[in-house]
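# Structural features, examined
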Amino acid sequence: MSLTKRDKKHLWHPLTQHKLHSEHLAIAKAKNAILIDDNGNEYIDGIASWYTCMYGHCNEYITQKVSAQMQQLDHVVFAGFTHEPAIKLSEELIKILPNNQEKLFFSDNGSTSVDIAIKMSLQYHFNQGEKRGKVIALEGGFHGDTFGAMSVSGLSVYNGPFEDFFIDVARIPVPTKENILSVKKQFLQLIQENKVASFIFEPIVQGAAAMQMHDPSLLDELISLAKENNVLTIADEVMTGFGKTGSYFASDYLQNKPDIICLSKSLTAGLVPMAITSCTQKVYDAFLSNDISKGFFHGHTYSANPIACTAALAGIELLQTEVIQQQIKKITLKHQTFANEIKSHPKVKTTRQQGVIFALDLDVEMERYGNLRNKLFNFFMQNGVCLRPLGNTIYILAPFVITNQQLDKIYATIKKALEIL
Ligand SMILES: *Cc1c(COP(=O)(O)O)cnc(C)c1O
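The protein chain has the name Adenosylmethionine-8-amino-7-oxononanoate aminotransferase in an unreviewed UniProt entry, where Tenacibaculum geojense is given as its organism. UniProt, in the comment section headed Pathway (unreviewed entry), describes the protein chain in these words: "Cofactor biosynthesis; biotin biosynthesis; 7,8-diaminononanoate from 8-amino-7-oxononanoate (SAM route): step 1/1." Per its UniProt entry, the protein chain bears the Cofactor (unreviewed entry) comment "pyridoxal 5'-phosphate".

Below you can see the structure in the form of structure tokens.
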């Protein structure tokens with residue numbers, strides 16, 4: 001029996017309505033930017049398996065380091081114990097994070113890193129004798145699927161059963177040149193009329209909102225207002241972190257550095273799940289006390305797993321190499337050339353780009369084309385390219401190690417798709 005058939009028997013996939021989508025393609029192998037299915041067909045991984053394996057699938061440097069670590073120390077409780085991979089990772093990560101970041105708290109995925117950031121911000125005020133319960137978020141943001149992370153994400157039709165259990169959130173529009181004055185006014189009013197603990201945002205690029213991009217200087221104005229009012233700022237860099245925006249972190253483009261930063265996805269280079277919530281000394285110090293209950297009583301079983309820390313360390317080493325930095329520059333330039341080639345195509349409404357993240361909006365009415373997104377997805381896969389359009393946006397976020405030839409094939413396949421639409 002085929003893997004696709006066997007899959008159906010017991011497996012329940014994420015984000016899937018199984019009545020409408022019951023077939024799942026089985027991937028047998030992956031190497032660098034290529035996924036290979038169980039029939040030997042190859043696909044260029046144009047989205048780096050949800051922005052994780054940026055140094056390529058099954059990267060030998062990383063797998064060797066991880067394999068050696070597996071023989072040495074697999075896991076140990078991180079409450080009361082420590083180990084070299086976590087210590088070394090903290091030393092190396094702090095070097096490249098915005099320089100106000102001092103402390104790292106471990107968890108398992110992007111959603112938990114966000115829940116931790118929110119809990120940190122609530123307890124930060126609580127420990128200082130103030131009960132602040134509201135969080136401000138940007139409209140259209142995505143921060144994950146656990147309750148806290150889901151609450152601060154943009155509203156969606158999928159939230160129905162859970163909305164009554166959301167934490168207290170106020171959403172404001174993403175700032176633009178046109179609306180900045182009114183957004184600042186709304187932001188300040190929310191802070192003055194409520195007990196606001198924190199402000200959370202995806203800096204510069206909102207990933208799940210189809211790679212929507214905004215001007216860092218406008219976000220800076222909101223962060224500045226937050227800081228003046230002792231509202232903690234949380235940058236969710238789960239998607240944007242580790243080189244994708246052309247700098248190590250999207251927060252590097254901000255003048256006002258966030259108090260708390262959430263990291264996951266490519267943190268561990270696509271090998272194993274792990275997440276980190278980093279914060280400033282000021283946030284950390286608010287939890288220091290002779291009163292034990294002022295500590296941060298949050299902990300996951302696999303916190304700072306040595307194998308995951310080793311994968312992260314190897315990834316951070318690679319990120320800083322000349323080879324990867326040159327690849328980032330090369331991909332950025334090639335995306336620019338492609339954008340210039342297609343931006344006046346009648347079916348292209350707009351293109352946008354930040355570092356290796358490229359997106360184009362199609363100028364077509366979704367209804368007229370039926371289920372455009374699925375048609376595009378199937379067309380790309382039939383042509384050996386794995387891209388997952390969001391609505392009528394096609395985006396590319398390929399591994400840094402993608403070759404020129406592979407990148408050209410992605411561009412050519414998108415152009416072909418524009419012709420057959
Ligand atoms: C993917 C993502 C998350 C959630 O991470 P998971 O590991 O899927 O829980 C949170 N924030 C952003 C910006 C993301 O892109």
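For the protein chain, the count of helices and strands is 13 helices and 16 strands. Whereas a compact globule of 421 residues would reach a radius of gyration of roughly 22 Å, the protein chain reaches 22 Å, a difference of no more than 12%. Referenced to the eigenvectors of the C-alpha coordinate spread, the extents of the protein chain come out at roughly 65 × 55 × 45 Å. Burial status across the protein chain gives 52% buried among its 421 residues. A sequence separation of at least 24 residues applies to 70% of the contacts in the protein chain between residues at least 6 apart. With an accessible surface of roughly 19,900 Å², the protein chain has 54% of that area assigned to carbon and sulfur atoms.

Taken in spatial order, the 3 strands of this open sheet run 13-14-16, and their pairing is antiparallel. On the outer flanks of this sheet lie strand 13 (348–354) and strand 16 (393–396), each paired with one strand and no other. The mean angle between the axes of side-by-side strands here comes to 15°, regardless of whether they run parallel or antiparallel. With 6 bridges joining them, strand 13 and strand 14 (residues 357–362) adopt antiparallel strand pairing. For Q353, the partnering residue across the bridge sits in strand 14 and is F358.

So, on to the site of the ligand. Residues in close proximity to the ligand include N109, G110, S111, F142, H143, G144, E202, D236, V238, M239 and K265, which together make up its full environment. G110 is positioned with one of its backbone polar atoms (N or O) 2.8 Å from an oxygen atom of the ligand. S111 places a polar side-chain atom, nitrogen or oxygen, 2.6 Å from an oxygen atom of the ligand. Burial of the ligand by the surrounding chains reaches 81%, relative to a free accessible area of 380 Å².

Residue alternation in strand 16 divides its side chains into two sets, T393 and Y395 and I394 and I396, and both sets are buried. One ladder, built from 4 bridges, connects strand 14 with strand 16; its direction is antiparallel. Looking at the pairing, F358 lines up with I396 of strand 16.

What follows covers the layout of surface pockets. The computed volume of the second largest pocket comes to approximately 430 Å³. Lining of the second largest pocket is provided by 16 residues; of these, F78, L104, F105, F106 and S303 occupy positions nearest its centre. Contributions of two or more residues to the lining of the second largest pocket are made by helix 4 (84–96) and strand 4 (103–107). Of the residues in the lining of the second largest pocket, the class split is 8 nonpolar, 7 polar and 1 charged.

Here we come to the environment of T351. Looking at where T351 falls in the secondary structure, it is placed in strand 13. Take T351: its relative accessible area is 24%, and that puts it in the partly exposed class. In sequence terms T351 and Y395 are 44 residues apart; their C-alpha atoms lie 9.4 Å from each other. Other than its neighbours up to four places away in sequence, T351 contacts A339, I342, K343, F358, A359 and L360.

A word on helix 11 (residues 322–342). Helix length check: helix 11, at 21 residues, gives a terminal C-alpha distance of 30 Å against a target of 30 Å (1.5 Å per residue), a fit within 8%. Against helix 10 (306–319), strand 13, strand 14, strand 16 and helix 13 (404–420) lie the buried residues of helix 11.

Moving on, we get to the pattern of salt bridges. Enumeration over the complete set of coordinates arrives at 12 salt bridges. As a salt-bridge pair, K334 and D408 come within 2.9 Å of each other at their nearest N and O atoms. Within this pair, whereas K334 is found in helix 11, its partner D408 is found in helix 13, the two being separated by 74 residues in sequence. A network of salt bridges, in which partner residues are shared, links K88, E92 and K95.

Phi angles above zero are rare outside glycine, and L15 is one such case at about 50°. Structurally, L15 can be placed in the loop between helix 1 (3–10) and strand 1 (27–31). Even without being a glycine, C58 presents a positive backbone phi close to 50°. In this structure, C58 sits in the loop between helix 2 (48–51) and helix 3 (60–72).

Together, F147, F162 and F165 make up an exposed nonpolar region whose accessible area comes to about 320 Å². For F147, the location among the structural elements is in helix 6 (residues 147–152).

This part is about the sheet that holds strand 6 (residues 169–172). The mixed open sheet is built from 7 strands, whose spatial order is 4-12-11-10-7-5-6. The open sheet has two free edges, formed respectively by strand 4 and strand 6, since each of these has just one partner strand. Neighbour-to-neighbour, the strand axes of this sheet turn through a mean angle of 20°, independent of strand direction. Contacts from helix 5 (residues 110–126) reach strand 4, strand 5 (134–138), strand 7 (196–201), strand 10 (232–236), strand 11 (260–263) and strand 12 (275–279), with the element oriented near 30° to strand 12.

This part is about the packing of aromatic side chains. Tallied over the full model, the rule gives 12 aromatic pairs. Ring geometry for F78 and F106: centres 5.7 Å apart, planes at 85°, overall edge-to-face. Separated by 28 residues along the polypeptide, F78 in the loop between helix 3 and helix 4 and F106 in strand 4 bring together distant segments of the chain. Judged by relative accessible area, which is 28%, F78 ranks as partly exposed. Between the aromatic rings of F338 and F358, the centroid separation amounts to 5.4 Å while the plane-to-plane angle is 55°, which identifies the pairing as tilted. Of the two residues, F338 is situated in helix 11 and F358 in strand 14; the sequence distance between them amounts to 20 residues. The burial state of F338 is the same as that of F358; both residues are buried. K103 extends its terminal NZ or CZ atom over the ring of Y284, reaching a point 4.3 Å from the ring centre.

Conventions adopted
- Residues numbered from 1 in each chain as written.
- Predicted model: local features only at pLDDT ≥ 70, side-chain atom pairs only at ≥ 80, totals over all residues.
- Heavy atoms only, no water.
- UniProt positions renumbered as here; feature names shortened; annotations may be inferred.
- Helix = DSSP H or I, 4+ residues; strand = E, 2+ residues; numbered from the N terminus.
- Rg over C-alpha atoms; globule rule 2.2 N^0.38 Å.
- Buried < 20%, exposed > 50% of the residue type's maximum accessible area, 1.4 Å probe, protein only.
- Contact = heavy atoms within 4.5 Å.
- Areas by Shrake-Rupley, 256 points an atom, 1.4 Å probe, with all protein chains shown as cover.
- Pairing = 2+ DSSP bridges.
- Axes fitted to C-alpha atoms, helices over the stretch in contact; angles between N-to-C directions.
- Near = heavy atom within 4 Å.
- Polar contact = N/O pair within 3.5 Å; in protein donor to acceptor, adjacent residues only side chain to side chain.
- 1 Å grid on protein atoms, 1.4 Å probe; cavity = no way out; pocket = protein on both sides within 12 Å on 5 of 7 lines; lining within 4 Å.
- Points joined across faces, edges and corners; volume = space filled by probe spheres on them.
- Nonpolar A, V, L, I, M, F, W, Y, C, P; charged D, E, K, R; others polar.
- Expected span 1.5 Å × (residues − 1).
- Salt bridge = Lys/Arg side-chain N within 4 Å of Asp/Glu carboxyl O.
- Patch = residues over 30% accessible without salt bridge, like charges linked within 9 Å, V, L, I, M, F, W, Y side chains within 5 Å.
- Phe/Tyr/Trp six-rings, centres within 6.5 Å; stacked < 30°, edge-to-face > 60°.
- Lys NZ or Arg CZ within 6 Å of the ring centre and 35° of its normal.

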